[in-house]
Structures are given as structure tokens and as C-alpha cells.
Amino acid sequence: MQSQTNLPEYLTDDFSMYLENMNSLSDPENPDLLSNYLSNLFEQLKQMPLLFNGMVDQLAMAISTKVRIDSKNLSTIELNDEPEWADVKPFVGVHADARACITEIMAHAEDDLKKAILLIHFYNGYDATPLKAEEDDYAQVDDDDESNDYDENY
């Protein structure tokens, strides 16, 4: 049985955009596309740490390879109501080459940073496998059934 992740309402719009962007860049024929894009995005962010101010999905993409989230312990805190940054921060590790950039974002756009971290957290635990469809109580329509009223020559 597949477990469902209950995404908090305050993240649904940003998560939807983040998921769509990450999925659109995941190409089995070009496996480096996503990693190259994320690397370039971070380099832009590094030059201008507030570049994605107000664009939480883009910020999450830019920092996704530069942060390590202790999702196991983060999931023990209540996330249905938006937590404070101080509640989330202990579960986040930052790569050495991103510390100055992340510190700048934390100083000026703490709320965006917190939401970006939470997007990454939920994305890492997201299972894109479709849920198994429930069996239909109605029999399937048989295409060979001559009782249909459709004119194929119309």
C-alpha cells in the first residue's frame, strides 16, 4: 500500500511549480540536463542571493544540491501549520561553497528560504507512482458489441 504525503496548504502552489519544473528537466535521454540546470541556477543565485526573492520554487531548485535536509527528524515536527525558521533550521546542513549565499538569503528572505527547504523536504519524500485504481463495478464496454448506436461512417 502506498503512503500519501499530506502537503501543507501553504506549500501547495509552490510545490506544484517545483514538481513541474523538476519533472520537465528530468530527461532519461539527457541525464545531465537537470544537474547542469541546477548548477547554473545556483551560480546565478550565488552572484545575486536575492535573485529569486518571492519565487520559492526557483529558490528551492537553486539550493537543492547545496543543502542537506535531515528529513527523518524534520518530519517529527508539526508542518501542517507553517513552522518558524528556527524550528526548521536545525535540520538543514549547507555545503561550504553555499554558506555565504544561504546566509545572505537567511538575513533578507528567511521566509522564502524556509519554504524552499520545506519544498525540497517534501519533494525528496514524494512518490510519483500513481495510486492503484479502484476496480470499476461496471463491465467494460465491448467494442465488438453490435448493439452500439454509433455510425462509424459519419
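For every chain, the first residue of the written sequence is number 1, and numbering continues from 1 along that sequence. Reporting in this predicted model follows two pLDDT cut-offs: at least 70 for local features of residues, and 80 or more for side-chain atom pairs to be given and counted; totals over whole chains, interfaces and linings ignore these cut-offs and use all residues. Hydrogen atoms and water are omitted, and side-chain values are computed over all heavy atoms in the structure.

**Q** Quick rundown of the packing of helix 3 (residues 56-63) against helix 7 (residues 110-124)? Include the residues and the values.
**A** Their axes nearest at 8 Å, the elements helix 3 and helix 7 cross at an angle of 65°. Here helix 3 is positioned roughly perpendicular relative to helix 7, judged by the angle of their axes. Note that helix 3 runs across helix 7; the crossing there is right-handed. Taking contact as the criterion, the partners of Val-56, Asp-57, Leu-59, Ala-60 and Ile-63 in helix 3 are, on helix 7, Asp-112, Leu-113, Lys-115, Ala-116, Ile-117, Leu-119 and Ile-120. Helix axes use the C-alpha atoms of the stretch in contact, all axes being lines fitted to C-alpha atoms, and the angles between their N-to-C directions lie in the range 0 to 180 degrees. Only DSSP runs of H or I covering at least 4 residues are called helices, and only runs of E covering at least 2 are called strands; the numbering of each starts at the N terminus. Oblique is the label for any angle not covered by the other classes, which are roughly parallel (under 35 degrees), roughly antiparallel (over 145) and roughly perpendicular (65 to 115). It is the rotation of the near helix from the far one that decides the hand of a crossing: anticlockwise by less than a right angle makes it left-handed, clockwise makes it right-handed. Should any heavy atoms of two residues lie within 4.5 Å, those residues are considered in contact.

**Q** Break down the packing of helix 2 (residues 32-47) against helix 3 for me, citing the residues and quoting the values.
**A** In contact at an axis separation of 7 Å, helix 2 and helix 3 are set at 105° when each is read in the N-to-C sense. As far as their axial angle goes, helix 3 and helix 2 are roughly perpendicular. Packed against helix 2, whose contacting residues are Tyr-37, Leu-38, Leu-41, Phe-42 and Leu-45, the element helix 3 presents Gln-58, Leu-59, Met-61, Ala-62 and Ile-63 at the interface. Class assignment of the residues belonging to the contact of helix 2 with helix 3 gives a composition of nine nonpolar, one polar and no charged. Residues are grouped as follows: nonpolar covers Ala, Val, Leu, Ile, Met, Phe, Trp, Tyr, Cys and Pro; charged covers Asp, Glu, Lys and Arg; every other residue, Gly included, is treated as polar.

**Q** Explain helix 2 residue by residue, including any values.
**A** Residues lying three or four places apart along an α-helix face the same way, a consequence of the helix completing one turn every 3.6 residues. The first and last C-alpha atoms of helix 2 sit 23 Å apart over 16 residues, in line with the 22 Å expected at 1.5 Å per residue. For helix 2, the full list of buried residues reads Leu-34, Leu-38, Leu-41, Phe-42 and Leu-45. On an axial view of helix 2, the arc spanned by its buried residues comes to 100°, and they lie on one face. Tucked into the core, helix 2 has its buried residues touching helix 1 (12-25), helix 3 and helix 6 (99-108). Residue count minus one, scaled by 1.5 Å, sets the expected span of a helix. The buried label applies to any residue whose accessible area, calculated with a 1.4 Å probe on protein chains only, is under 20% of its type's maximum; exposed applies above 50%, and partly exposed to all values in between. The directions from the helix axis to the C-beta atoms form the arc being described.

**Q** Which residues make up the nonpolar core, and what values do they have?
**A** In plain words, nonpolar cores are sets of buried Ala, Val, Leu, Ile, Met, Phe, Trp, Tyr and Cys residues tied together by side-chain atoms within 4.5 Å. Formed by 40 residues in total, the largest nonpolar core has its most connected members in Tyr-18, Leu-45, Ile-63 and Ile-117. At the level of elements, helix 1, helix 2, helix 3, strand 1 (67-69), helix 5 (85-88), helix 6 and helix 7 are the ones that each hand at least two residues to this core. The greatest single-element share of this core, amounting to eight residues, is contributed by helix 7. Sequence-distant contacts of Tyr-18, that is, excluding residues within four places in its chain, are made with Asp-57, Ala-60, Met-61, Ser-64, Leu-119, Ile-120 and Tyr-123.

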